[in-house]
Amino acid sequence: MNLLNKKVILISVKIIITAVLIFFIIKQVHWHDYSIIDDNGQKSICKGVLSSIKGANLYFLSCSVLCLIVTQFITGYRWQQMLMIQQIQVKFMKIINLTFLANFLCLVLPGLFGGDLVKAYLVARQTPQKAHILVSVFFDRLFGLAGFTIMATVMLFIVWTTGALNQEAIYTPALTVAVVVGGIAIGIPLLLSSRLRRYLYLHKIYDLLPLNRYIAQAGEAIDIYRRKWRCMLSMIGVTLVSHVVAIFSVILVGISLGLSMEWYLYFLYVPLVIIISAVPLSPGSVGLTEKLYLIYMASAGNSSEVLALAVLVRITFVLSNLPGAFVAMLGPKISREDILQAKLEAEEF
């Protein structure tokens, strides 16, 4: 089976998964207001998805977009520092432009590293240190996921010790955190240690993974990060600041809808949604993200209001990345050939 056929099959599977998720989401919610009768025979009106979105407070939504824009500057600063550790100097405003551009391309090129490969390619055109740049992009993404994992783990411990959630409500997030932390604890050593892979007889399986080419041919770049571990620890702090601002943007969306959910639950549930959504099961995680919001935030309100939250969070994310469209139009010309070349060089690397 050639590469083209494999890609067609993969895309088809993702589209099917998206369709199935959207089908179950539609079955689970009400699009218009509906009435319910409680145990006392009292009738009340519950909001549907469309009415919830229409009634959202635009001021809080605007503040949410601004918060997401701030996170772009913070994550841009993190990537600049990770490049500096590799002795690669790039001006801050160029980093910010590339960050907006990469996030915008992720919207039009759904995938795990679509936009990141393009920004890495644009920087790599000016330096022979291509391996170091690609490794910096990989570690930058890894730090983002690690930061959300730390945040979810800490918040889970807090709500468990304080009794903020009952045993039934804490089971699902606890199971998710355990799987994610276990995966990281096992995956990172296997990814970086060739000796451990040989000891466990996993090196042959590892050699089949596309990522092994990045790690195998970029040992020097990884060694630099190992030696500069104190600088890397400071990047965790920068990451957590970025994540706090990002989650606060989701809280603002919840406030705009009038959702009655405690602030600390956002810091538990949103990181879990983002971590799982990073798995490329559907194009742009469409359907997957919305379903995860419905699973984790069932107690925040009726399912229609929760879906409205997920939809508005996606819209604010899109709006916050629109500056990337201006970078694409007014900045360095990014042709389709450039995008294809970025992917080809990553595959050949």
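Structure: see above.
Read on for a plain summary of the structure. (Residues numbered from 1 in each chain as written. Predicted model: local features only at pLDDT ≥ 70, side-chain atom pairs only at ≥ 80, totals over all residues. Heavy atoms only, no water.)

This part covers the packing of helix H6 (residues 130-162) against helix H12 (residues 229-257). Across the interface, H6 lies against H12 with an axial gap of 9 Å and an inter-helix angle of 65°. For the crossing formed where H6 meets H12, the hand is right-handed. Each of Phe139, Phe143, Gly144, Gly147, Phe148, Ile150 and Met151 in H6 lies in contact with H12, whose residues at this interface are Met232, Met235, Ile236, Thr239, Leu240, His243, Val244 and Ile247. Here the residues of the contact of H6 with H12 are counted per class, giving 11 nonpolar, 4 polar and no charged. (Axes fitted to C-alpha atoms, helices over the stretch in contact; angles between N-to-C directions. Helix = DSSP H or I, 4+ residues; strand = E, 2+ residues; numbered from the N terminus. Left-handed = near helix turned anticlockwise from the far one by under 90°. Contact = heavy atoms within 4.5 Å. Nonpolar A, V, L, I, M, F, W, Y, C, P; charged D, E, K, R; others polar.)

This part is about the side chain of Ser256. Note that Ser256 resides in helix H12. The buried category is assigned to Ser256, whose relative accessible area is 5%. In this view, Ser256 contacts Gly55, Ala56, Asn57, Phe60 and Leu61; residues no more than four positions away in its chain are not counted. (Buried < 20%, exposed > 50% of the residue type's maximum accessible area, 1.4 Å probe, protein only.)

With that settled, the discussion passes to the pattern of salt bridges. Applying the stated rule across the entire model yields 2 salt bridges. For Glu290, the salt bridge is made with Arg314, and the minimal N-O distance between the two is 2.7 Å. Of this pair, Glu290 sits in helix H14 (residues 288-296) while Arg314 sits in helix H15 (residues 303-320); the two residues are 24 residues apart in sequence, bridging distant segments of the chain. With relative accessibility at 8%, the residue Glu290 sits in the buried group. (Salt bridge = Lys/Arg side-chain N within 4 Å of Asp/Glu carboxyl O.)

For the rest of this paragraph, the subject is unusual backbone geometry. Apart from glycine, the bulk of residues carry a negative phi angle, and the bulk of peptide bonds sit in the trans form. In this structure, Gln87 takes a positive phi of about 65° despite not being glycine. Relative to the elements of secondary structure, Gln87 occurs in the loop between helix H3 (58-85) and helix H4 (92-108).

Let's shift gears to the packing of aromatic side chains. Aromatic ring pairs: the centre-centre distance and the angle between the two ring planes describe each pair. Under the definition given, this model contains 9 aromatic pairs. Note on Tyr59 and Phe60: the rings are 5.5 Å apart at their centroids and 70° apart in plane angle, and the pair reads as edge-to-face. Residue classification places Tyr59 among the exposed positions, given a relative accessible area of 57%. Both rings, one in Phe73 and one in Phe100, keep their centres 6.0 Å apart while their planes meet at 80°; by these two values the pair is edge-to-face. Highlighted residues: Phe73 in helix H3 and Phe100 in helix H4, separated in sequence by 27 residues. (Phe/Tyr/Trp six-rings, centres within 6.5 Å; stacked < 30°, edge-to-face > 60°.)

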